[in-house]
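Inside the fold
Each chain is listed here by its residues.
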Amino acid sequence: MNRESRGSSKLRAATRQTASAGLALAMVCALAISAIMPVAADTKSRAAKSGLTDDQKIIHLLNRIGFGPRPGD
């Protein structure tokens with residue numbers, strides 16, 4: 001192998017590694033945002049519409065945490 005081909009293979013490997021790291025970071029960010037945003041939007045809209053008391057909000061939270069998401073969620 002000559003010098004030129006060894007250097008270019010190292011460059012390609014570094015480029016692939018950088019691209020993989022960027023893709024992994026983008027996927028993590030997308031998953032984090034998709035996990036946080038619906039919860040925040042859902043909590044604000046339902047609490048404002050239903051007008052639950054503090055005790056009702058606590059009971060609702062405990063029911064949701066204890067039994068997991070509903071089939072439609």
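A brief look at the structure comes next.

Quick notes on the rules
Residues numbered from 1 in each chain as written. Predicted model: local features only at pLDDT ≥ 70, side-chain atom pairs only at ≥ 80, totals over all residues. Heavy atoms only, no water. Helix = DSSP H or I, 4+ residues; strand = E, 2+ residues; numbered from the N terminus. Buried < 20%, exposed > 50% of the residue type's maximum accessible area, 1.4 Å probe, protein only. Areas by Shrake-Rupley, 256 points an atom, 1.4 Å probe, with all protein chains shown as cover. Expected span 1.5 Å × (residues − 1). Patch = residues over 30% accessible without salt bridge, like charges linked within 9 Å, V, L, I, M, F, W, Y side chains within 5 Å. Salt bridge = Lys/Arg side-chain N within 4 Å of Asp/Glu carboxyl O.

A few words on the overall build of the chain. Each helix and strand counted, the chain has 2 helices and 0 strands in total. Residues counted as buried form 0% of the 73 residues belonging to the chain. Of the accessible surface of the chain, which amounts to about 6600 Å², a share of 67% is contributed by carbon and sulfur atoms.

Taking 1.5 Å per residue, 14 residues should reach 20 Å; helix 2 (residues 54–67) reaches 20 Å between its end C-alpha atoms and fits that length. Taking burial as the measure, the 14 residues of helix 2 include 0 buried ones, a minor fraction of the element.

What follows deals with a nonpolar patch on the surface. Taken together, the side chains of Ile 33, Ile 36 and Met 37 make up a nonpolar region of the molecular surface, amounting to roughly 330 Å² of accessible area. Mapped onto the fold, Ile 33 is located in helix 1 (residues 3–50). The exposure class of Ile 33 is exposed, given its relative accessible area of 54%.

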